[in-house]
Amino acid sequence: MYRYFSFVLFLQINLAAQAQPSIIAHRGSSFTAPENTVAAAQLAWQQNADAVELDIYLSKDNRVVVIHDSNTKRTTGQEFNVAETSADVLRSLDAGDWKNELYKGEKIPFLEEMIATIPDGKKMVIEIKCGVEVLPALKLAVDLSGKKQQLIFIAFGWETILATKQLFPENACYWLSGWAPEVQEKMKESAIKGLDGLNLNNKIVDKKTVRRAKRLGLEMLSWTIDDAEEAKRLVKLGVTGITTNRPDLIRSSLQ
Ligand code: G3P
Ligand code: CA
């Protein structure tokens with residue numbers, strides 16, 4: 001009898017352990033710290049996030065810079081189009097003060113600065129916001145980083161994510177979407193083309209979609225979830241990565 005109960009307990013512990021998703025800090029721990037900065041990444045690691053997500057663009061002088069928008073107005077107060085601006089100008093802007101004066105002086109990071117923060121055993125999810133023009137500079141930055149195996153790539157652009165998978169066949173690559181009809185249309189193709197999975201807006205993640213993805217061998221991640229009950233719903237459906245602005249809150253609510 002004792003053996004039977006021990007076995008049941010062992011199974012329960014293991015099932016509970018399996019159900020834990022990766023907690024991915026969206027633009028770093030961006031509820032508190034300014035998004036897409038070194039400070040936001042460091043706070044996410046302190047809060048024990050499994051991964052940090054960030055967004056990249058290519059500057060005029062071919063540097064890979066970390067920023068969500070194609071221009072700098074929202075996060076620096078000064079308006080420059082990233083693709084038409086050289087890195088030294090972008091780096092002269094303050095990307096922290098808009099969020100909180102405690103973060104005054106944070107710069108728009110180079111991708112390599114963000115990669116350098118990744119602790120052993122953790123991952124970085126790199127979202128390619130621009131197009132394939134970034135790939136040569138991205139390859140260079142990744143190859144020089146010494147942390148290639150800790151990197152994951154995501155993009156909304158279908159051709160962009162396929163080209164990224166070809167360039168980095170050993171790295172996990174996920175296609176992003178927030179539109180259910182295109183997900184149904186492209187899901188099979190995602191598997192055929194060798195993508196590792198889908199990364200969907202939580203509003204379009206349901207049982208049927210997760211089941212179909214699993215049948216095709218595709219992993220399912222989701223964004224952006226700051227609500228504990230919604231995170232639990234997604235995990236129950238089989239989502240294995242929860243992208244959140246509040247990694248501390250979501251981690252504690254799933255434990
Ligand atoms: O992780 C995916 C998510 O970041 C996509 O949306 O607009 O926050 O880049 P966005
Ligand atoms: Ca993003």
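Scroll up to find the structure this text is about.
Described below are features of the structure shown in this document. The structure presented is a predicted model; accordingly, all values stated were derived computationally and were not measured.

Analysis parameters
Residues numbered from 1 in each chain as written. Chains lettered and ligands numbered in written order. Predicted model: local features only at pLDDT ≥ 70, side-chain atom pairs only at ≥ 80, totals over all residues. Heavy atoms only, no water. Buried < 20%, exposed > 50% of the residue type's maximum accessible area, 1.4 Å probe, protein only. Helix = DSSP H or I, 4+ residues; strand = E, 2+ residues; numbered from the N terminus. Pairing = 2+ DSSP bridges. Donors = N, O, S within 2.8 Å, 3.2 Å for Na, K, Ca; no water. Near = heavy atom within 4 Å. Polar contact = N/O pair within 3.5 Å; in protein donor to acceptor, adjacent residues only side chain to side chain. Areas by Shrake-Rupley, 256 points an atom, 1.4 Å probe, with all protein chains shown as cover. Nonpolar A, V, L, I, M, F, W, Y, C, P; charged D, E, K, R; others polar. Contact = heavy atoms within 4.5 Å. 1 Å grid on protein atoms, 1.4 Å probe; cavity = no way out; pocket = protein on both sides within 12 Å on 5 of 7 lines; lining within 4 Å. Points joined across faces, edges and corners; volume = space filled by probe spheres on them. Salt bridge = Lys/Arg side-chain N within 4 Å of Asp/Glu carboxyl O. Arc of directions from axis to C-beta.

Re the pairing of strand β2 (residues 51-58)
Working step 1: Of all eight residues in β2, eight are buried; the element is thus mostly enclosed.
Working step 2: What you see with β2 is no split at all: Ala-51, Glu-53, Asp-55 and Tyr-57 on one side and Val-52, Leu-54, Ile-56 and Leu-58 on the other are buried throughout.
Working step 3: Note that strand β1 (residues 22-26) and β2 share three bridges and pair parallel. Paired with His-26 across the two strands is Glu-53, which belongs to β2.
Working step 4: Note: β2 against strand β4 (residues 123-128), six bridges, orientation parallel. If you follow Leu-54 over to β4, its bridge partner there is Ile-126.

So, the coordination of the calcium ion (ligand 2)
Working step 1: The calcium ion (ligand 2) binds to the protein through Glu-53 (OE), Asp-55 (OD) and Glu-127 (OE); the donor distances cover 2.1 to 2.3 Å.
Working step 2: Under the relative-accessibility criterion, Asp-55 is labelled buried at 0%.

A closer look at the site of ligand 1
Working step 1: Inspection of the region around ligand 1 gives His-26, Arg-27, Glu-53, Asp-55, His-68, Glu-127, Lys-129, Ile-154, Phe-156, Leu-176, Trp-223 and Thr-243 as its neighbouring residues.
Working step 2: Measuring from an oxygen atom of ligand 1, one finds a side-chain N or O atom of Lys-129 at 2.7 Å.
Working step 3: Contact with the protein chains covers 90% of the free accessible surface of ligand 1, which is 290 Å².
Working step 4: Of the residues belonging to the shell around ligand 1, the class tally is four nonpolar, three polar and five charged.

Quick look at the side chain of Lys-122
Working step 1: Checked against the element boundaries, Lys-122 lands in the loop between α5 (111-116) and β4.
Working step 2: Of the polar contacts made by the side chain of Lys-122, one reaches the side chain of Asn-48; its length is 2.8 Å.
Working step 3: If we skip the residues at most four places from it in the chain, Lys-122 touches Trp-45, Asn-48, Ala-49, Asp-50 and Gln-150.

Things to note about helix α2 (residues 38-46)
Working step 1: Of all the residues in α2, the buried ones are Ala-39, Ala-40, Ala-41, Leu-43, Ala-44 and Trp-45.
Working step 2: Just past α2, the residue Asn-48 takes up positive phi, approximately 65 degrees.

Some words on empty space enclosed by the protein
Working step 1: The full count for this structure, using the stated rule, is one cavity of 30 Å³ or more.
Working step 2: Glu-35, Asn-36, Thr-37, Val-66, Ile-67, His-68, Thr-75, Ala-95 and Ile-108 together form the lining of the largest cavity.
Working step 3: Partitioning the lining of the largest cavity into residue classes produces four nonpolar, four polar and one charged.

Concerning unusual backbone geometry
Working step 1: The peptide bond linking Trp-223 to Thr-224 adopts the cis configuration, its omega dihedral lying at -25 degrees.
Working step 2: Despite not being glycine, Asn-62 shows a phi value in the positive range, around 65 degrees.
Working step 3: Within the element layout of this structure, Asn-62 appears in the loop between β2 and β3 (64-66).
Working step 4: When its relative accessible area of 52% is taken as the criterion, Asn-62 is described as exposed.

Digging into the pattern of salt bridges
Working step 1: A full pass over the atoms with the stated rule returns 13 salt bridges.
Working step 2: Here Arg-74 ties to Glu-35 by a salt bridge, and the two come within 2.7 Å at their closest N and O atoms. On the criterion of sequence distance, the pair formed by Arg-74 in helix α3 (residues 73-76) and Glu-35 in the loop between β1 and α2 is long-range, its members being 39 residues apart.
Working step 3: Assessed through its relative accessible area of 38%, Arg-74 is described here as partly exposed.
Working step 4: A residue is classified by how much of its surface remains accessible, and Glu-35, at 9% relative accessible area, is buried.
Working step 5: For Lys-129, the salt bridge is made with Glu-127, and the minimal N-O distance between the two is 2.7 Å.
Working step 6: Judged by relative accessible area, which is 4%, Glu-127 ranks as buried.
Working step 7: Within this structure, Arg-27, Glu-35, Asp-69 and Arg-74 form a network of salt bridges that share partners.

A few points about helix α6 (residues 135-145)
Working step 1: Listed in full, the buried residues belonging to α6 are Leu-135, Ala-137, Leu-138, Ala-141 and Val-142. Buried residues in α6, looked at end-on, bunch into an arc of 160 degrees, giving them a common side. In α6, the exposed positions angled more than 90 degrees off the buried face are occupied by Pro-136, Leu-140 and Leu-144.
Working step 2: In this structure, the buried residues of α6 make contact with β2, β3, α5, β4, β5 (151-155) and α7 (158-167).
Working step 3: One or two positions beyond α6, positive phi appears at Gly-146, with a value near 75 degrees.

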